[in-house]
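# Coordinate analysis (summary)
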Amino acid sequence: MDLLPGVRAREVPTDRIRIHLLEAGPSDGAPLVLVHGNLSTGRFYEHVMPALAEDGFRVLAPDMRSFGRSEPAPLDATRGLDDWADDVAALLRALGITAPPHLVGWSTGGGAVARFGLTRPVASLTLVDPVGPYGYGGVRADGTPVRPDGAGSGAGGANPEFVRRLRERDASADSPFSIRNVMRRTYWSPSFRLSPEREDLLVDEVLLTAIGDGGYPGSVLASQYWPGFAPGDSGLLNALSPKYLRWDGIVGLDPKPPVLWTHGADDLIVADGSMLETGTLGQAGLIPGWPGAGEFPPQQMVTQIRTVLQRYAESGGSVRTEWFDGSGHGPLFDAEARWTRVLREFLAAC
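Parameters and conventions
- Residues numbered from 1 in each chain as written.
- Predicted model: local features only at pLDDT ≥ 70, side-chain atom pairs only at ≥ 80, totals over all residues.
- Heavy atoms only, no water.
- Pairing = 2+ DSSP bridges.
- Helix = DSSP H or I, 4+ residues; strand = E, 2+ residues; numbered from the N terminus.
- Buried < 20%, exposed > 50% of the residue type's maximum accessible area, 1.4 Å probe, protein only.
- Contact = heavy atoms within 4.5 Å.
- Polar contact = N/O pair within 3.5 Å; in protein donor to acceptor, adjacent residues only side chain to side chain.
- Axes fitted to C-alpha atoms, helices over the stretch in contact; angles between N-to-C directions.
- Parallel < 35°, antiparallel > 145°, perpendicular 65-115°, else oblique.
- Nonpolar A, V, L, I, M, F, W, Y, C, P; charged D, E, K, R; others polar.

Next up on the list: the pairing of strand S1 (residues 8–13). Of the strand pairs in this sheet, S1 and strand S2 (residues 18–24) are connected by six bridges, and their pairing is antiparallel. Across the sheet, residue Arg 8 finds its bridge partner in S2, namely Glu 23. Counting the residues between successive antiparallel strands, the hairpin from S1 to S2 contains four residues.

Next comes the structure, spelled out in structure tokens:
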């Protein structure tokens, strides 16, 4: 594996799964764990790892279960993202790390690190365009699922053509549903372009995803409610359903670790009225039969994150918020220099 200078790769057997790990920095440095999001791997952090290692951190970027080169163990969606949180804890145990870690979570990873922090000591939490505190899709402003079975959330919302192309390992730009074009359109600002070499590398990383009921997108159940599908009990997208996931419990933590929230203002994935969310798609007429905002409101994800973090601050926690104008879902890419500077400042203050 051809890695950037100072970044190392290895396989780590744990008491849960075998984890593929990128690592940088001194072995006795304070642990800094970078948890990637849906349809990505630890290599999505590789470009920022050398700078973080310069500050003396032991930087760890694992491939999470179902993604990359880690063991493709099935994900129990009924636990929300606790399988991911427990895998991070198992990795730290296997490495002999006992100090509370600094945790960075991007997108789905944001929900996972928050869940980790609910039951274990952490030095700090950095949430990078995180999944909402009540999950993704089919949820009201107060965190209540719109329907008791989670209808309108989970694996049933995945585009079949997109899933087919992932399964066939399509690395082309021939279709709007190829991962290359989805990355260009939604992972960061559409005006931003990676170098061709880096884009090829990250496309190949996503194509390592375990496709199926236990991985991406997960199992699907029929629902009596609009739009006719509900989350099954396995797989990544179901783990994001409000039926199973919430992390607003951080408000009650004592002690409260410092929190940094970074967000791209032009994020299309985590947004108030994201066009990937069922209520918004129904309101736009793209899914027929929408029962209306009273019955199935578009999810206000950013507002939900802001509200929970305001409550966290009001109950004694320290919260720093950094908004990245012109950035999409991944400011660590399309605003790399500023994002890395903000993270380094935050960690130094911790």
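Next comes the rest of the description.
A separate point is the environment of Ser 124. Along the chain, Ser 124 turns up in strand S6 (residues 124–128). Residue Ser 124 is classed as buried on the basis of its relative accessible area, which comes to 0%. Setting aside chain neighbours within four positions, we find Ser 124 in contact with Pro 101, His 102, Leu 103, Pro 257, Pro 258, Phe 346, Leu 347 and Cys 350. A polar atom in the side chain of Ser 124 sits 2.7 Å from the side chain of His 102.

On to the packing of helix H5 (residues 179–187) against helix H6 (residues 196–206), then. Two numbers describe how H5 lies on H6: the axes approach to 10 Å, and their chain directions differ by 110°. Compared by their axis directions, H5 and H6 come out roughly perpendicular. On the side of H5, the interface is formed by Ile 179, Arg 180, Met 183, Arg 184 and Tyr 187, while H6 contributes Glu 199, Asp 200, Leu 202, Val 203 and Val 206. Its residues placed into classes, the contact of H5 with H6 shows six nonpolar, no polar and four charged.

The analysis is restricted to geometry; functional conclusions fall outside its scope.
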